[in-house]
Every structure is written in C-alpha cells, then in structure tokens.
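Observations on chain architecture
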Amino acid sequence: MATLADFNSPLLPTWCPGCGNFAIWTCLKQALVEKGLSPMDVNLCFDIGCNGNGADKINAYAFKGLHGRTIPLASGISLGNHKLPVIGIGGDGGTFDEGMAHLIHAIRSNYKFLFILHNNCDFGLTTGQATPTTPQGQKMNSSPYGVVESRLNPGQLVLASGASFYARGFTGNIPQLKELIVKGLEHEGFAFLEVLQHCPTYNKFQDHLYLNSRVYDVKTDENHKNDRRYVYDLVDYSNEKIATGLLYQDPESTSYYSRLEKRKGMETTLKDEVKVYDIAEQVKEFI
Amino acid sequence: MENRNNRMIIKLAGAAGQGIKTAGLILTKALKRSGYKVFGYTEYPSLIRGGHNVFQIEVFNSDGAPLSKETDILLALDKASIALHTKELSQGGIILYDENTVTPEQTIIDELKNNEVNLVPIKLSDLASTAGGNALMKNTVALGAIWELLGLELEDLEPLIAETYNKTQEMIDLNIKCLRGGFEDVKAKGLVFKSNLNTDESVKNMMLISGNEAVALGAIAAGVRLYSSYPMTPASAILSYLAEHGPKHGMVVKQAEDEITAANMVIGAFHAGTRSMCATSGGGFDLMTEALSLSGMTETPFFCVIGQRPGPATGVPTWTAQGDLDLAIKAGHGEFPRIVLAPGNPAQAFQYTADALNLTEKYQTPVLMLLDKHLGESFYLSPQFKSESITIDRGKILTSGDNETKRYAPSEDGVSARWFPGDQISTFLANSDEHTTKGYSTEEGTEISTMMQKRLLKNNTILSNLPDPLIYGDAVDAELKLVTWGSNIEVIKAAIGELEKQGKKIALMQIIYCWPLKADPIVSFLNGNTQTAIIELNATMQLATLIKQVTGIEFNNKLNKFDGRPFYIEEIIAFLSNLVK
Ligand SMILES: Cc1ncc(C[n+]2csc(CCOP(=O)(O)OP(=O)(O)O)c2C)c(N)n1
Ligand code: SF4
C-alpha cells in the first residue's frame, strides 16, 4: 500500500503563504492513498496557472499541458487507457475562458475522469486579473474600474449543461475535500468538483473568514435533494449560505467509453491493442 | 463518333442533389471491372443543393492518372450543364441530354455543329417513369445509355447497380429496369462511340479508391485506436469512413467539438500508450498549432493529416491547392523537430499513413502528412492494399526500470526511451514547461539549452534515416529533369507517358519527405547541364523556395497555378513540350 510519503516530490511548493492550493495538494494525496492507489497507478493532468505549478510538487504520472486544454488532454488519456484513474486539474481562468467549450462537451460526453476546479476567482499566475467567476464591479488587475462582465456560476453552468456529478469543496475543510475527491474518482463519468480556493494574494473579496462563515455541508441538511433543479437554485449567488459537499450525482450515469456499442464486451484497453489489423474485408468493397 | 487518342473522357454533369457522384462512381467502377484503366474526378461547390456538380471519368492506357480539359462524352442532366461544358467537347464528341427537361439554345446547337459534336436527345425522365422509377432514377437510365454507347455488356454493369442501391429488392429491380430502358433506347437508335482503348485483366482486381479512404485504411491497418477530428473539407471523408468502419476493429472514433480538442486528445491518447491521429484542412490545422508545439516539447507523438484546399481563411472549400507546405513546416511556436511528408496517390497515402505513425512514435515528435482535395477526393486505381505490407515500429519503449529511470534521459540520437502511465517503472511529468530529465519544470540556463539541444538532435537522426525522394525514369540521359510533389505526380506521369511516345526523355523526382528535406539526392538528381523544371499548385512556389534554401539550386523553369483546379494533362504536356523540343 502506498503512503502519503510516496507521493512526495523532492520539490517544495512555491505557492504564497496561506494559499488554498496547499490544502488541495494535501487532500489529493490523502484521497489517492485512501483509494489504495500508488503514484504509478494514476495520471494527473495539470493546466497552466498557480494550480499547474503543483504539477511537479507531487510524485505521480502526470501531464502538464496547455492553458485551458486540460480537459481534452485528460479525455484522450482516459480513452487511451480506460482502466487508468485520471484526474484533471485547472483554474477558473483556464477552465471558463480558453477551455469553456471543452468543459461543456466533456460534460455531454461524460468521459470517466475527475476534474478538480481550483476556483480562486482570479488569474493567480498572471498576477490577479479577473476571471469569469470574479464578481461584477470588483476592481482587479486590468479591471481598475471594476469588472464589467457579469459573474459566471460554475455550479449552475455545469448543472444546466447536464453534469452527472457536481460537488463543491472548500480549502478550509480538508476532511470533506478529501472525501469529495474519493467520491469523484469513483463516479461513472465526468465528475466536476469545484473547490472554493483561497487566494490571499489576489482575492480579498472572498477570504477565509468570508467563506468560513457561510459554508455548510449538505450532509447536515436533511432537506437536501439530489435533484438537478433543486441544486441549481441552491447554488445561486443570491443565497447567503454556501452549500458544499456532494451536491448532485446522477445515479444512472454511464461513461462515454461504456456507451460505445462496438467496445461492449471488450476486456482490453486501447493501450493494449496497438498491432496490425486485417483490412481484407474493407479492401473487398473497393474492387 | 469516336475519340482521337488513347484517352476517353466521360463527364456526368447536373445540379447538386441529382446523384451525379453516385452515378459517376458506378460507371467508373464498372469500367474498371471490365478491365479499363480509369480515374474519377469530382467537382462540386460548397453547397448542398442548387450548385453544379461534375463527375469526370478518364479512361486511358498510359501510366499515372490523367485529368483532361477535353471531354468526349457529356451527360447533361440539366440545361446549365450543356452551356457550361460546350467548349470542352472534342471533335466527334457527343452530348447526351434529357430531352424531357432540357432544350439546348440554338446558338449552342450551331456552335456544337461547327465543332462536329453530336447532340443526342434521350427521354431520360420518360424512360425512368416507364420503368416505374422516379425523377432521380434518370441517372440510372443514363448509365444504361452510356454503357450501350460504349458497346459494353450489361452483365458487367448490373451487379454494381445491385450493390449500390441495395436497400430493398424493389429498389434494385427498379434501378435495373431503368438501366435496361436507357440501354435499349440507345441500341434502338443505333448509336456507338468507338474508342481504341485496351482492356487489361489485371485491372479487374485493382481497387478504385480515394486518397482519403486510403488514409483511413492505413489508419485501421496500422493500429490507430483513437481517431479524433472535427469535420472540414477535404478531410471529412476520413472521419466518416472511420466512423463507420473503424469500430468494426474496435477503434474509437470521436467527432470532437473543435480541432484544438482533436489535437490535444490525440496527444493524450499517445501519452496513455495507444496510437491515435486526426485530420483536418489548413484552417483547422491553424487551431492545432499550439498543440503541435506541445507535442514537440513533451516529446509525445502526434500525427495529423492536412487536406489542403485554397486559402487563405475559408478560401474555396471544395477545390484544391498545395498552399500549406510552408504552414506545415513552420507552424507552432518555439523550435522543435518535425516531419512533413506528402504522398501522391492512394497507394502511397495508405503506406505513408502507417510509416508516419511509426515515425511519430520512433522520434517522439510531430508528423504531418499533406494531402489535397484532388488526392483526397478523386478515385484512383490501386493495387490491393495488404495489411502484410504494414509493420509497426513504436521505437524505444521500456518494459522495466526503477526510480532512477528518467523519461527525458539524454541519448546519442536525441531519442529517450518512453513508457506509459500505469506502467510500474518510474513516474514522470510530461511537461509543457521546459523541464529536467524527470520532467520537472526548470528555468536554469544550462538545463534549458541542454534540453533544447537534446530535442533538436533528433533532427539529425531523422534526416539520416529518411528515405530518398522517388525518381521515375532515367536521370542520366534525360533531356529534362522535373521535380514535383503531392497529387501532381499522377497527371505528370501520364503526360510524360504521352511524350515518351514521341521519343522525349524526361526524368521525374517526387519529393515525399518535404521536411526535413534531404539535400544530397536532390543535388545529385539536378546535377549537370540538363534543363530543370518544377511544378506545384500554389502561387509562391513553396517547394522551389525550400529546395533553394536547402540546396542553393534554382530551377530553370517553373509551372504553377492557383485557381483551385488541379493540373490538366494538356497544361503539363504544353509546358513540357516547350522544354523538350
Ligand atoms: C494560451 C495561453 N494564454 C495565456 C497564458 C498565460 N496564462 C498563464 S496562467 C494564466 C491564468 C491562470 O489563471 P487560472 O487558470 O485561474 O489559474 P490560477 O493561476 O488562478 O491557478 C494565464 C492567462 C498561457 N499560458 N497560455
Ligand atoms: S497567487 Fe493566489 S493562487 Fe497563486 S499561489 Fe498565490 S495565493 Fe495561491
């Protein structure tokens, strides 16, 4: 069995003191250990950003791809070897700007992998510009007179797009976040885990105290319903309280790979199948 | 009525939606099955209905695959088809048209008479309805008419009708009745079109196949397991062929949401340890260029087919060009090795698809293969493809190792051994950032330059291992040395065949591997005082410029055009005849 130490990289994190990325990093390692996975049993996919600067701070097979393109990269990996646990990691900038189309289509396709959104409501690495999740009117680097655009709601976006799994964690609650990562890894399809991530350097409008005083775990709410429309309203920005936990999961979710007619009953992965194929049947049709 | 040389050209023309392509393919294949050498070429606008469609069939004796400007037999399914093609008809040629729906203008009738072209009205619509068919089936009636005109046996055509309209027995019977209706009508009229073309037993067993279909078969045979693409003419047919036939072999075929996705998925799939590829046209490829650079940096294989069409921007979507050579060679930011190759016919497209997949895995760097609309969507005779001709070489792959095994370890040829996530060997990070041998990010000066040199070292390895360009004919006593690339090759071969009969000696070099470009074979081919010439289908002579850059050699003569049309044999013959007097 792998231990937490097995996932340690010789490199130390370079995040700002108090950054929420530390918590996600820790939870990720804990969740992998809890799932009985070793560093060589998984593939992590990182975006470019402060989140992606964690790519070499954890020991595991990994791919740090292009900004905003984590999702298609991870989709290719998980189709290439559907038995390999794959985790995609991205920021709110990369995911909702460059990568918006990929997100919506990954939800439609329901590829089997976990996507962890580091939602710090800003571009961290490029020094604090606004992203689609920055509140309208907020003054940011490059938005000195306040953000002009309206604020995008990740939960509502993915639910409306048909997400089969939507969970929300918070970098102030490590046990819960670890549990959500585990649940996401177990999901039969595209698991979207939004993490409300502290960015003490650039996000002053939604600091630890702000979040801590508003979050609650839906586990503690006996009225919570595993219902897409209910959760859509629940996560509306107008609500004072911020619901966290596994907010919605389609119990009947089927992954893209499992839906492929001609792959049904096949035991091998695409990785095992690179060989010469006989095309004699196809050639006949051209004669 | 007869034709004057050893080619016969049949043109089927009509409005989009009249089933021109289906009829053209039936006729081309039936002629092939009767032992005639054939080539099928399509012209159509970027519209679904209302535009003008043409299927041109060349029947010939020579090598290569000619494409002629002239037409011997024109089937005109609508009025526009007569006006549009009048000027192309050869002396003694013939126009069959639907008497029920088309009345030619008097001026055109006079013009055709002057040129000794025969106008033959046939009641195609009436004959179709007499047979119990609908208006669309008049093209089947026309096929019967043409078949009798050529003096061929119905038994050779009927099976193809049955294979094509195979939805129900009723459909088959109806179409056969229509076919016979047209056949009998021409027989009763006593019309014949004589040609002096030979048949050849060996042709009967050949394939009639397009370049796109050849790429698709190459992909299946060579073990592509994930194909991901976004539709774009003229590469869409690869996606549609694979979507139907790939899954029969377990291939996963994904119609992606855009080309950025397609390219990143392909890289992801290779990283996971399988084989993958995508195809697009220039505009779609532009969207892939960041991913191309990612493949170069992370040394993850990547293979993309680019079906060229005239640009810039949306350009002329359903026509042809060779304007994206520079793009393929230069696309992507930063410096990294790559291979760019260009097959010239389906047999090469099949074989080089497999070779390209080997190369991208062996050298762990992107490989781009250029096709164009002409090669991708025209129908060529080809020897039967055999899976046995395919070998798979995945390069250096480790099956064991320990913690100290480094994914980007330096090596003499620049290629490090690779392995895949899930393998119990040693973790690594495939990193878009400049990185260490483990893949960890680095900003340290010597590490940056060492890794750059390591990757670029592969350029030398590739260059010394790539095959030489192909040479047709004897360069030693040639009066002219000609260089070309891509789909021009077949029509040039046919033109040279005609000129050889007049005793002219021309040696032809086909550049297949355009990048890296091997200088030595080109220098030794062009060496001497013989006239040299280059032919390419673009405005800026991209290959000529590249050859000059690599060898210093400038060609004495150049032939190019950029009107969306492929080269016609008449143009090539005129150009070459001028040079070899
Ligand atoms: C194509 C491209 N455009 C822009 C950038 C520059 N860039 C790097 S990180 C980043 C934003 C990161 O913000 P986010 O995705 O929210 O991640 P965070 O840094 O907050 O974790 C940008 C714009 C890039 N690397 N690539
Ligand atoms: S800028 Fe924000 S997200 Fe980036 S490391 Fe610092 S605190 Fe973390």
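Refer to the structure above for everything that follows.
As a starting point, this report considers the structure included with it. Predicted model only: the values in this text are computed from it and were never measured.

A few words now on the overall build of chain B. Each helix and strand in chain B was counted, giving 20 helices and 21 strands. Along the first, second and third principal axes, the C-alpha atoms of chain B reach 85 × 60 × 40 Å. In chain B, buried positions account for 63% of the 581 residues. When contacts within chain B are restricted to residue pairs at least 6 apart in sequence, those whose partners lie at least 24 apart make up 75%. Split by element, the accessible area of chain B, about 20600 Å² in all, is 50% carbon and sulfur. Seen as two clouds, the 52 positive and the 67 negative side-chain charges of chain B have centres 1 Å apart.

Attention shifts here to the sheet that holds strand E17 (residues 480-485) of chain B. Residue and element names in this part refer to chain B. Taken together, the five strands give an open sheet; going across it, the order is E16-E18-E17-E20-E21, and neighbouring strands pair in mixed fashion. The open sheet is flanked by strand E16 (470-472) and strand E21 (557-560), the only strands paired with a single partner. Neighbouring strand axes in the sheet, compared pairwise and without regard to direction, differ in orientation by 20 degrees on average. Across four bridges, the pairing between strand E20 (residues 531-536) and E21 is parallel. Following the sheet pairing, Ile 534 is matched in E21 by Lys 558. Strand contacts of helix H20 (residues 569-579): E17, strand E18 (506-511), E20 and E21, with the helix running at about 170 degrees to E21, the strand carrying the most contacts.

Residue and element names in this part refer to chain B. Burial analysis of E18 places six of its six residues in the buried class, the great majority of the element. Of the two faces of E18, the one holding Ile 506, Leu 508 and Gln 510 and the one holding Ala 507, Met 509 and Ile 511 are both buried throughout. Note that E16 and E18 share three bridges and pair antiparallel. Residue pairing in the sheet places Tyr 472 in a bridge with Leu 508 of E18. Two strands pair when backbone bridges link them, and E17 and E18 are joined in this way by six bridges, in the parallel orientation. Pairing of Trp 485 across the sheet is with Ile 511, part of E18. As a crossover connection, the stretch from E17 through helix H17 (residues 488-501) into E18 is right-handed.

Before going further, it helps to spend a moment on the site of ligand 1. Taken together, 17 residues sit near ligand 1, with Cys 50, Asn 51, Gly 93, Gly 94 and Gly 124 of chain A positioned nearest. More than one chain approaches ligand 1, the contributing ones being chains A and B. A distance of 2.7 Å is found between an oxygen atom of ligand 1 and a backbone nitrogen or oxygen belonging to Cys 50 of chain A. Relative to its unbound accessible surface of 590 Å², ligand 1 loses 78% to contact with the protein. Among the residues forming the shell around ligand 1, the class breakdown is four nonpolar, nine polar and four charged.

Attention now moves to the pattern of salt bridges. Under the counting rule described, the total for this entry stands at 39 salt bridges over all chains. With a closest N to O distance of 2.8 Å, Asp 56 of chain A and Lys 57 of chain A form a salt bridge. We classify Lys 57 of chain A as buried; its relative accessible area is 8%. We note a salt bridge from Glu 99 of chain B to Lys 123 of chain B, for which the minimum N-O separation is 3.8 Å. Here the residue Glu 99 of chain B occupies a position in the loop between strand E5 (89-98) and helix H3 (106-114), and Lys 123 of chain B occupies one in the loop between strand E6 (118-122) and helix H4 (124-130), the gap between them amounting to 24 residues. For Lys 123 of chain B, a relative accessible area of 39% gives the class partly exposed. A single network of salt bridges, built from pairs that share partners, joins Lys 69, Lys 561, Asp 563 and Glu 571 of chain B.

Thresholds applied
Residues numbered from 1 in each chain as written. Chains lettered and ligands numbered in written order. Predicted model: local features only at pLDDT ≥ 70, side-chain atom pairs only at ≥ 80, totals over all residues. Heavy atoms only, no water. Helix = DSSP H or I, 4+ residues; strand = E, 2+ residues; numbered from the N terminus. Buried < 20%, exposed > 50% of the residue type's maximum accessible area, 1.4 Å probe, protein only. Contact = heavy atoms within 4.5 Å. Areas by Shrake-Rupley, 256 points an atom, 1.4 Å probe, with all protein chains shown as cover. Lys, Arg positive; Asp, Glu negative; His and termini not counted. Charge placed at Lys NZ, Arg CZ, Asp CG, Glu CD. Pairing = 2+ DSSP bridges. Axes fitted to C-alpha atoms, helices over the stretch in contact; angles between N-to-C directions. Right-handed = clockwise from strand over helix to strand, strands pointing away. Near = heavy atom within 4 Å. Polar contact = N/O pair within 3.5 Å; in protein donor to acceptor, adjacent residues only side chain to side chain. Nonpolar A, V, L, I, M, F, W, Y, C, P; charged D, E, K, R; others polar. Salt bridge = Lys/Arg side-chain N within 4 Å of Asp/Glu carboxyl O.

Honestly, that's just the spatial picture; any functional story needs more than this.
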